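These are the residues of each chain, in order.
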Amino acid sequence: QVQLVESGGGLVQAGGSLRLTCAASGRTFSRYGMGWFRQVPGKVREFVAAVTWSGGSTSYVDSVQGRFTIPRDNAKNTVYLQMNSLKPEDTAVYYCAAAPKDRVLETRRELYDYWGQGTQVTVSS
């Protein structure tokens, strides 16, 4: 089992920045690739970003490329989502998720085994 807890969400103006944190406990964190997803009411949870177990490779959905980054710190069992130049359309509940390391940079939510409870991000115009 892996337990994931997100934090760092909140209200920010368009153009601003937020850093989300996902703290993991349980099984060895470095065994897992990590991802961030987001969901708005009435819509499917969508992929945002992923990072390999080592942090050496990352992947992003086109809409956040160049604005978001997904660093991880295996010594702290933590993955982050650094969000810059935020837009109102980034408003959503953001979830972190863990997938076994052989599922490299996976964008399909059904292939992630563990999920956090989510943190709300609201971007005002």
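On a predicted model such as this, the values are computed, not experimentally measured, just so you know. (Residues numbered from 1 in each chain as written. Predicted model: local features only at pLDDT ≥ 70, side-chain atom pairs only at ≥ 80, totals over all residues. Heavy atoms only, no water.)

Participant: Honestly, the overall build of the protein in this entry has me stumped. Any pointers?
Facilitator: Helix and strand counts for the protein come out as zero helices and 12 strands. Listing each helix as α and each strand as β along the protein from the N terminus yields β-β-β-β-β-β-β-β-β-β-β-β. A compact globule built from 125 residues should have a C-alpha radius of gyration of about 14 Å, and the protein, at 13 Å, falls within 12% of that. Expressed as lengths along the three principal axes of its C-alpha atoms, the size of the protein is roughly 40 × 30 × 25 Å. When each of the 125 residues of the protein is scored for burial, the buried share is 42%. The long-range share in the protein, meaning contacts at least 24 apart out of those at least 6 apart in sequence, stands at 60%. As presented, the protein carries roughly 6200 Å² of accessible surface, and 47% of it is formed by carbon and sulfur atoms. For the protein, the centre of its 14 positive side-chain charges and the centre of its 10 negative side-chain charges are spaced 4 Å apart. (Helix = DSSP H or I, 4+ residues; strand = E, 2+ residues; numbered from the N terminus. Rg over C-alpha atoms; globule rule 2.2 N^0.38 Å. Buried < 20%, exposed > 50% of the residue type's maximum accessible area, 1.4 Å probe, protein only. Contact = heavy atoms within 4.5 Å. Areas by Shrake-Rupley, 256 points an atom, 1.4 Å probe, with all protein chains shown as cover. Lys, Arg positive; Asp, Glu negative; His and termini not counted. Charge placed at Lys NZ, Arg CZ, Asp CG, Glu CD.)

Participant: Can you walk me through the state of the cysteines in this structure?
Facilitator: Defined simply, a disulfide is a covalent bond joining two cysteines at their sulfur atoms. For the coordinates displayed, the defined rule picks out one disulfide. Each sulfur in the disulfide pair Cys22 and Cys96 lies 2.0 Å from the other. Its S-S torsion of approximately 55 degrees makes the covalent link between Cys22 and Cys96 right-handed. Here Cys22, found in strand 3 (residues 18–26), pairs with Cys96, found in strand 10 (residues 92–100); they are 74 residues apart in sequence, far enough to count as distant. Both residues of the pair, Cys22 and Cys96, count as buried. (Disulfide = S-S within 2.5 Å.)

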